[in-house]
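Descriptive structure summary
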Amino acid sequence: MAETFPINIWINEERFNALKNAGLAELLKEELAGMKVLIVPCTASQRDKVLELYPMAKFDAATTKSIELLPKAVKDKIYDMVVAKKSLEVMDDFIKSV
Amino acid sequence: MEMIGHGGKPLVEQVITDKDEARKMIKDLKTMPVSRQMATEAIGIAYGFFSPIEGFMKKADVEATCKKMELADGTVWSIPIVYDISDQEIADYKIQQGDKVLLTYDGNPLAIFDIEEIYTYDKESIAQDVYGTKEDKHPGVKRTYAYKDKFLGGKITLVNEPKIREPYTSYFLTPRQHRELFGKKGWQRIVAHQTRNVPHSGHEWLMKHAYIAAHGDLPVEQQETLEGRAISGVLVNCIVGEKRTGDYIDEAIVLCQDELRKSGYFRNDIHMVTMTFWDMRYAGPREAVHHAIIRTNLGLTHHMFGRDHAGVGTYYHSYQAHHLLMSIPKEKLNITPIYVLEWAYCPHCGEVTCVGLCGHHKELQKFSGTKIRSIIMDEVKPTRLIFRPEVFDVVMECSKKYGYGSPFVTTQYLEQAKPAFSIEPL
């Protein structure tokens, strides 16, 4: 299976409850002492496209291999697409929508 | 009392504090304006942060620094401190070797520059020797390639001390002032924590690890037992300088580091925060050596070095800085490095732990500064085991007060934030 590079969307209590009520809590993982996170996978080409679209974002090549520092509004949009599609496989649709 | 700095040489202090004398000294000198970048380095040189260098480097020192990681006299030195200038500026200001020039900042007198040498040096050679790469994606290399046509070398004398603005005022101490304060506190062993970050718990534990390591061989009777009787301490020395978008703003770094002490995560008498003006070069191992030199000049006895010290991207191995420091003979670096492994959160242990201690390797959740920044950007309050709530509150306050709504450097911050210091009329 090809390597994927995550976008981490950190979830506050309000969103956690919303995801739980929508039956989507299983999409969440726990990290860093109980913090809830939606881990949205990107392929290498999706990662490169996202970094090109949002130059302020950074790929943490050294530690986590994840795409970080995306603006909150961008992550909110990805979050909304995950909820609407009830799936984490949203990055192609997201990139097309930009 | 003479103070001894890096290389066993007297601490450099080239500062004229008598304003009348300063006015006399600069009378009739030709003037040349300097950028914030050059002003910062002139201030650093004059106060002795970079002892034993007394001025911007001449070619022999640059050559030795690049090729041998030494000054021309054999003192360990890792990063060139250079003054670059264009041919046009040399013509416009009629600069000649042997001139004495008044450097000005914001239109006010800053320092006298004795121009002893005008020279050229191959920038690609600096890049390869200092940074280990010629790629301009590396921020230090990019800075090197931006140097102008020539370099000026010679002694610097500060004639007008900088005025440090709030909230930094109480955090800026010269090397002499650091040493005097350590003397008053009775600190005999002091370990440096180099930082350009707001602290998460991983950083906090690195500091605690280094503190314990720095005085672990003392009898417990000599280790502090009562508030106010510490003989060893942690100095968090924040680097304040050139920023890149996405970095924490400097105000948040300094105030959040101090919050760890204010909120009791460190005792009042064993923890202190100060700052040093320095533009990070991200030179990884060579920058680690430079940090060790600066902290030697501040009077510290130990320096903590963690994973990926002063690195960027994947240019250096995680512990390459440790290996370079270990290769330097002890008598050439008068500070004891403390090498620490990273700390991570272990859900099995339910605590933050050293990766070298914990047996639950597959379960460990590593800290990443970038990941923590991402959590804060998402406006989610991290759990207290990961990020202290008092520190989070200070980050958010700084965001409003200094960061135009963001705790991270934005284009607006770069354009509008005031520099940490100003130079007033003399």
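Residues numbered from 1 in each chain as written. Chains lettered and ligands numbered in written order. Predicted model: local features only at pLDDT ≥ 70, side-chain atom pairs only at ≥ 80, totals over all residues. Heavy atoms only, no water.

1. Brief notes about the overall build of chain A
- Secondary structure assignment for chain A yields four helices and five strands.
- Listing each helix as α and each strand as β along chain A from the N terminus yields β-α-β-β-α-β-β-α-α.
- A compact globule built from 98 residues should have a C-alpha radius of gyration of about 13 Å, and chain A, at 13 Å, falls within 12% of that.
- Dimensions along the principal axes, computed over C-alpha positions, put chain A at roughly 35 × 30 × 30 Å.
- Put simply, chain A has 98 residues, and 46% of those count as buried. (Helix = DSSP H or I, 4+ residues; strand = E, 2+ residues; numbered from the N terminus. Rg over C-alpha atoms; globule rule 2.2 N^0.38 Å. Buried < 20%, exposed > 50% of the residue type's maximum accessible area, 1.4 Å probe, protein only.)

2. Things to note about the sheet that holds strand S11 (residues 271–277) of chain B
All names here are of chain B.
- Spatially, five strands are ordered S11-S10-S9-S12-S13 in an open sheet, and the strand pairing comes out parallel. Since the sheet does not close on itself, it has two edges, and those belong to S11 and strand S13 (336–339), each with one partner. Averaged over all neighbouring strand pairs, the angle between strand axes comes to 30 degrees, with direction disregarded.
- The sheet contact formed by strand S9 (residues 189–195) and strand S12 (residues 302–305) spans two bridges and is parallel. When the sheet's bridge partners are listed, Val191 is paired in S12 with His302.
- Lying over the sheet, helix H8 (residues 201–215) contacts S9, strand S10 (232–240), S11, S12 and S13, oriented at roughly 155 degrees with respect to S9.
- Contacts from helix H9 (residues 250–262) reach S9, S10 and S11, with the element oriented near 165 degrees to S10. (Pairing = 2+ DSSP bridges. Axes fitted to C-alpha atoms, helices over the stretch in contact; angles between N-to-C directions. Contact = heavy atoms within 4.5 Å.)

3. Some words on the domain arrangement of chain B
All names here are of chain B.
- Each domain of chain B was delimited in the assignment, giving domain 1 (6–161) and domain 2 (169–338 + 383–422).
- Averaged C-alpha coordinates put domain 1 and domain 2 at centres separated by 25 Å.
- Between domain 1 and domain 2, the contact holds 38 residues from the first and 35 residues from the second.
- Between domain 1 and domain 2, a total of about 3200 Å² is buried, with carbon and sulfur atoms accounting for 61% of that surface.
- Ranking the residues of domain 1 by area buried against domain 2 places His6, Phe49 and Ile79 at the top, with a combined share of 21%.
- Between Arg143 and Asp279 there is a salt bridge, with the nearest N and O atoms lying 3.1 Å from each other.
- Run the count over domain 1 and domain 2 and you get 18 residue pairs in polar contact (both at pLDDT 80 or more).
- Every element with two or more residues in the side of domain 1 that touches domain 2 is listed here: helix H2 (36–47), helix H3 (59–68), helix H5 (123–131) and helix H6 (139–145). (Domains from an automatic or database assignment. Buried area = accessible area lost by both parts, 1.4 Å probe. Salt bridge = Lys/Arg side-chain N within 4 Å of Asp/Glu carboxyl O. Polar contact = N/O pair within 3.5 Å; in protein donor to acceptor, adjacent residues only side chain to side chain.)

4. A closer look at the interface of chain A and chain B
- Listed per partner, the contact involves 22 residues of chain A and 27 residues of chain B.
- At the boundary of chain A with chain B, total buried surface from both sides reaches about 2100 Å², with 63% on carbon and sulfur atoms.
- Inspection of the chain A/chain B interface yields two salt bridges.
- For Glu31(A), the salt bridge goes to Lys371(B), with nearest N and O atoms at 2.7 Å.
- Taken together, the connections running from chain A to chain B amount to seven residue pairs in polar contact (both at pLDDT 80 or more).

5. Overview of the pairing of strand S3 (residues 35–42) of chain A
All names here are of chain A.
- Burial runs high along S3: six of the eight residues are buried.
- The pairing of strand S1 (residues 5–11) with S3 spans seven bridges and is classified as antiparallel. Opposite Trp10, over in S3, you have Val37 as the bridge partner.
- Here four bridges tie strand S2 (residues 28–31) to S3, and the two strands are oriented antiparallel to one another. If you follow Leu28 over to S3, its bridge partner there is Leu38.
- Where S2 hands over to S3, the hairpin turn is made up of three residues, of which Leu32 adopts a positive phi near 45 degrees.

6. A look at the packing of aromatic side chains
Residues and elements named next belong to chain B.
- On inspection of all chains with the given rule, the structure shows 18 aromatic pairs over all chains.
- Between Tyr119 and Phe151, the aromatic rings sit 5.6 Å apart at their centres with planes inclined by 35 degrees, giving tilted as the arrangement. Here the residue Tyr119 occupies a position in strand S6 (residues 117–119), and Phe151 occupies one in strand S7 (residues 150–158), the gap between them amounting to 32 residues. The residues Tyr119 and Phe151 share a single accessibility class, namely buried.
- Consider the rings of Tyr147 and Phe151, whose centres lie 5.5 Å apart with planes at 85 degrees: the pair is edge-to-face. (Phe/Tyr/Trp six-rings, centres within 6.5 Å; stacked < 30°, edge-to-face > 60°.)

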